Amino acid sequence: MITRHELKELASFEIEDVNFVNLFLNVDPTENPKDEWLVRFKNMARDTINNAKPDQKKKVQKDIELIEKYLSDKPEGMKRGMAIISCSEKGFWRVYHTAIPFLNKLVVDHDPFIKPLAAMVDLYQRYLVMVVDNTRAKVLITRIGEIDEVNDVSSNLEDPNTGKDGSKSDAGAHRADKQRDKVQKSVYKDALKVVEVVLAEEGIKRILLGGTDRSRAIFKDTLPLPLRERVVGEFVVEAKSNKSEILERLMPVMQGVEYNFERKALDGLFDLNKGTALGLSDVLTALQQGNVHKMYVLSHVTTPGSSCTQCGALTPERDRPCPYCGSTMRHINYMLDHAIQRAIDQGARVDMLDEAPRLEKVGGIGAVLRY
Ligand SMILES: [Zn+2]
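Residues numbered from 1 in each chain as written. Predicted model: local features only at pLDDT ≥ 70, side-chain atom pairs only at ≥ 80, totals over all residues. Heavy atoms only, no water.

A separate point is the side chain of K115. One can find K115 in helix 4 (residues 115–123). One buried charge, K115, has no salt-bridge partner; the nearest side chain with opposite charge is D337, at 6.0 Å. Polar contacts involving the side chain of K115 include one to the main-chain carbonyl oxygen of S299, which spans 3.3 Å. Those residues in contact with K115 that lie beyond four places of it in its chain are L298, S299, V301, L336, D337, I340 and M352. (Helix = DSSP H or I, 4+ residues; strand = E, 2+ residues; numbered from the N terminus. Buried < 20%, exposed > 50% of the residue type's maximum accessible area, 1.4 Å probe, protein only. Lys, Arg positive; Asp, Glu negative; His and termini not counted. Salt bridge = Lys/Arg side-chain N within 4 Å of Asp/Glu carboxyl O. Polar contact = N/O pair within 3.5 Å; in protein donor to acceptor, adjacent residues only side chain to side chain. Contact = heavy atoms within 4.5 Å.)

The next point concerns the domain arrangement of the chain. When the domains of the chain are assigned, the result is domain 1 (18–109), domain 2 (124–266) and domain 3 (272–371). For domain 1 and domain 3, the distance between their C-alpha centres works out to 27 Å. (Domains from an automatic or database assignment.)

Interhelical geometry of helix 9 (residues 280–288) versus helix 10 (residues 335–345) gives an angle of 30 degrees and a closest axis separation of 10 Å. Here helix 9 is positioned roughly parallel relative to helix 10, judged by the angle of their axes. Our pair here, helix 9 against helix 10, has a crossing hand that is left-handed. Where helix 9 approaches helix 10, its residues L280, L284, L287 and Q288 are matched on the opposing element by M335, L336, A339, R342 and A343. (Axes fitted to C-alpha atoms, helices over the stretch in contact; angles between N-to-C directions. Parallel < 35°, antiparallel > 145°, perpendicular 65-115°, else oblique. Left-handed = near helix turned anticlockwise from the far one by under 90°.)

Right, let's talk about the pattern of salt bridges for a bit. Within the structure shown, the criterion is met by 21 salt bridges. Two residues, R330 and D17, come together in a salt bridge whose shortest N-O distance is 3.3 Å. Highlighted residues: R330 in strand 14 (residues 329–332) and D17 in the loop between helix 1 (4–11) and strand 1 (20–26), separated in sequence by 313 residues. Assessed through its relative accessible area of 12%, R330 is described here as buried. Judged by relative accessible area, which is 60%, D17 ranks as exposed. A salt bridge links E258 to R206; its shortest N-O distance comes to 2.9 Å. Of this pair, E258 sits in helix 8 (residues 243–269) while R206 sits in strand 8 (residues 206–211); the two residues are 52 residues apart in sequence, bridging distant segments of the chain. On the basis of relative accessibility, which here comes to 14%, the residue R206 falls in the buried class. What you see here is one network of salt bridges that share partners, running through D213, R216, K220 and E234.

Turning to the side chain of D109, a few remarks are in order. Tracing the chain through its elements places D109 in strand 4 (residues 105–109). In this structure, D109 is buried with no salt-bridge partner, the nearest side chain bearing the opposite charge being R330 at 8.7 Å. Polar side-chain contacts of D109 include one of 3.0 Å to the side chain of H338. Not counting chain neighbours up to four residues away, the residues in contact with D109 comprise V18, N19, F20, N22, Y334 and H338.

This part covers the sheet that holds strand 12 (residues 305–308). With antiparallel pairing, the three strands of this open sheet are ordered in space as 13-12-14. Each edge of the open sheet is held by one strand with a lone partner, namely strand 13 (314–315) and strand 14. Across four bridges, strand 12 lies against strand 14 in antiparallel orientation. Across the sheet, residue S307 finds its bridge partner in strand 14, namely R330. (Pairing = 2+ DSSP bridges.)

Here's what the structure looks like:
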């Protein structure tokens, strides 16, 4: 699990003359029945040590040995993805187990490499999930490929559909209908109280709604307008389904919702009437001015750059001194990662995209500006 808070902590590191070894692994047991991930790590580690500059080699080797020792004991709490960030020079060590696998990657950089973690946090926004039927309303929260049940509100009255009243008369049926509506309304009212508390406490903005068509429609009618506007997707599921069945049903809905939000946001980025920065150079200038509201990055793009050894300014690759303070610049291999860190550190939102031809044309990075 990685939280926004932890991401912010990682993003706050300054670029220094130290080496962070950052490992990202797919440890999904279905794809690694014989713990093949350990061999993959060892291969990447060997290449990394071979390619390290002479002055780095020893330090990088030390962190890799620490990681190897940790991995060979088969760590507890493993899920499908594992990230390890180690910098023995600074006594820094972090392990993250995630429900979504990473692409295998080993990166040595001057500070924590956060792109894969930022992408995960961004792509798997938290949603409040409601699953409703006649006598029941479940409240759940999604967290990066996982789902937790928060509350299960159900009526202690029997479901009138299967109730004792076996009468087939019109009057009986009418009574049963009325009774059912009453039960349903009171359950939904109680669930609504839970929803309001959870949304406020967890700062969640989006709601997904599951259940039969009829139950969802009735539930939506009981929602006050501000909450109804937060329902961004719906899906069919039985309320008695367990957590993983619900998660399976809502994953594609969630991905569709994210995709649509991203497309809309990208349209904003290329809207000439808005204040935007396109391309590395303009975005870095905007970051320097603290003027980035939201940044978009193509996840597969890698670009080098430079950072000032004194003031920390980030610029496209340059062999001249810092444009801001005149000090010497340091070469940076993974510039977009540093741009992401700077943006997160400044409290800007970062959106990672897998595919966006328009963004690719301008170098894989763009930003909507604050002013
Ligand atoms: Zn400078």
